[in-house]
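Coordinate analysis (summary)
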Amino acid sequence: MSAPAPAHLGLQPRGRPQLLSVVLPAYNEAANLAWLLPELVKRLSPEADQLELLVVDDGSRDDTVLLMHGLINQGLPLRLLRLSRNFGKESALTAGLDTAEGDVVISMDSDGQHPIDTVLEMLALWREGHHVVYGVQTGRRASQGWARRSYTRIFYWLMQKGSRFEMPADAGDFRLLDRSVVLALRQLPERARYMKGLFAWVGFSARPIAFVPEARAHGETHFRFARLLSLAITGITAFSKVPLRLVSAVGIVVSLLSVFFGLWIVFEKLFLGNSPSGFATLAASITFLAGVQLLCLGIIAEYLGRVFDEVKRRPLYVTQDLTPPLRRKSSAAT
Ligand code: UDP
Ligand code: MG
């Protein structure tokens, strides 16, 4: 499905990767991992000299660990990074990217919603010379309600306003990253991990690739609306100052309106002889302004909260244990 890259992009074609890492953040996904991991080994082994499937156990309460040790004993090229509790997908993914050793790193969900066929297409694009290949879900927008689509649109508008890098809408955490991109990501020190934004921020030549997510085989999604909203707020406060500017703009507009209103009252009194009605106008304007002020304070507080999180400089995740690196097969090339 991928067209050959135009020569003018100056892409350097590459050969087969020596070590291909797949990072799989997992929270209570034992039932899915049980079939996904053997399948990945089967389909991806021919693509690289050595495969490394790195499962980041994000404090699962099912038997993910038991399953993993079973599969490792069977000789599958797996590594298990156990976090000390549930830190959330963004932190688990960061932990995985900090640990993966591959020349190419693929991040995908462990519930099997990200098709392996797309991974193979991503690898083909990497060999053409792209540094990043990101999956774009198709058929998602149509299936969402009107309200959800509008929030999404406002969100991307806020995120993109005035920024120098492009954050593709509908792209997710399903991607391929060249090692150089992974190294760049490791240098980003912020606690607020809005991965989609960070991926875009580091730059490099990126290629979208369309995919249709599979249905979840077991379990259900961990991302409900409230959680998505909180992720969106993290994204906005980490990447955009537009809300802060809006606060100033609202201040200017309200001040101007009140000046005009004041002038109108004087005019009414002097030329039309009407005394303005007192209580209702007062009550309405006081409550309105109190609302506006609280809203603006809330926006500022949201940013202040981020500053608070950043200055604490707590680590993003705590590792409980990590299985040793896989021994690399000595390849003929080296
Ligand atoms: N996940 C995680 N930690 C969490 C929640 C989710 O590592 O706290 C993982 C989960 O196991 C899965 C991926 O993140 O591999 C995506 O989660 P999910 O399928 O629930 O999200 P959706 O596909 O619905 O966006
Ligand atoms: Mg999923």
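Residues numbered from 1 in each chain as written. Chains lettered and ligands numbered in written order. Predicted model: local features only at pLDDT ≥ 70, side-chain atom pairs only at ≥ 80, totals over all residues.

As recorded in an unreviewed UniProt entry, the protein goes by Glycosyltransferase family 2 protein and comes from Roseateles aquae.

**Section: the sheet that holds strand 4 (residues 104–107)**
As a general point, the strands of a sheet are linked pairwise by backbone hydrogen bonds and lie either parallel or antiparallel. Pairing in this open sheet of eight strands is mixed, and the strands run 7-5-6-4-1-2-3-8 from one edge to the other. What marks the edges here is a single partner per strand, and that holds for strand 7 (206–211) and strand 8 (319–322). For this sheet, the mean inter-axis angle between neighbouring strands, taken without regard to orientation, is 20°. Across three bridges, strand 3 (residues 78–83) lies against strand 8 in antiparallel orientation. Following the sheet pairing, R82 is matched in strand 8 by D321. Along the sheet face, helix 2 (residues 64–73) touches strand 1 (19–26), strand 2 (50–57) and strand 3 and points at about 155° away from the line of strand 3. (Pairing = 2+ DSSP bridges. Helix = DSSP H or I, 4+ residues; strand = E, 2+ residues; numbered from the N terminus. Axes fitted to C-alpha atoms, helices over the stretch in contact; angles between N-to-C directions. Contact = placed C-beta atoms within 7 Å.)

**Some thoughts on the packing of helix 8 (residues 225–239) against helix 10 (residues 279–312)**
At a closest axis distance of 10 Å, the pairing of helix 8 and helix 10 adopts a crossing angle of 85°. What the angle tells us is that helix 8 and helix 10 run roughly perpendicular. Within the contact between the two elements, helix 8 uses I233, T237 and A238 and helix 10 uses E302, Y303 and R306. Split by residue class, the contact of helix 8 with helix 10 holds three nonpolar, one polar and two charged. (Parallel < 35°, antiparallel > 145°, perpendicular 65-115°, else oblique. Nonpolar A, V, L, I, M, F, W, Y, C, P; charged D, E, K, R; others polar.)

**So, the UniProt feature "transmembrane region" (unreviewed entry) in the protein**
The UniProt record annotates "transmembrane region" (unreviewed entry) at residues 246–267 and 279–304. The annotated region residues 246–267 carries 100% helix and 0% strand content, and the separation between its end C-alpha atoms amounts to 31 Å. The distance from the first to the last C-alpha atom of residues 279–304 is 37 Å, and the span holds 100% helix and 0% strand. (UniProt positions renumbered as here; feature names shortened; annotations may be inferred.)

**Topic: helix 3 (residues 89–99)**
Most of helix 3 is tucked away, with nine of its 11 residues classed as buried. Buried residues of helix 3: K89, E90, S91, A92, L93, T94, A95, G96 and L97, and no others. (Buried ≥ 20, exposed ≤ 12 C-beta atoms within 10 Å, placed from the backbone.)

**Some thoughts on the site of ligand 1**
As a structural note, the neighbourhood of ligand 1 is formed by 16 residues, with P25, Y27, D109, T221 and H222 the closest of them. Going through the elements one at a time, strand 1 and helix 3 are the ones with two or more residues in the shell around ligand 1. Taken together, the residues of the shell around ligand 1 break down into five nonpolar, six polar and five charged. (Near = placed C-beta within 6 Å.)

**Some words on the nonpolar core**
Of all hydrophobic cores here, the largest spans 60 residues; its most connected members are V55 and V56. Here this core gets six residues from one element, more than from any other, and that element is strand 1. Aside from chain neighbours lying at most four places away, what touches V56 is V23, L24, P25, A26, L81, L83, A92, A95 and G96. (Core = buried A, V, L, I, M, F, W, Y, C linked by C-beta atoms within 7 Å.)

**With respect to unusual backbone geometry**
As a rule of thumb, non-glycine residues mostly have phi less than zero, and peptide bonds are mostly trans rather than cis. One non-glycine residue, N28, adopts positive backbone phi at about 55°. If you trace the backbone, N28 turns up in the loop between strand 1 and helix 1 (30–44).

**Concerning the packing of helix 9 (residues 242–272) against helix 10**
Taken N-terminus to C-terminus, the directions of helix 9 and helix 10 make an angle of 160°; their axes are 9 Å apart at the nearest point. Between helix 9 and helix 10, the angle falls in the class roughly antiparallel. The chirality of how helix 9 crosses helix 10 is left-handed. From helix 9, P243, L244, V247, V250 and V254 reach across to helix 10, where they touch L289, V292, C296, I299, I300 and Y303. Classifying every residue of the contact of helix 9 with helix 10 by side-chain character gives 11 nonpolar, no polar and no charged. (Left-handed = near helix turned anticlockwise from the far one by under 90°.)

**Examining the pairing of strand 4**
Going residue by residue along strand 4, you find V104 and I106 tucked away on one face and V105 and S107 tucked away on the opposite face as well. Bridge count for strand 1 against strand 4 is four bridges, and the pairing is parallel. When the bridges of strand 4 are listed, S21 appears paired with V105. By the bridge criterion, four bridges tie strand 4 to strand 6 (residues 171–178) in an arrangement that is antiparallel. Along strand 6, the bridge assignment pairs V104 with D178.

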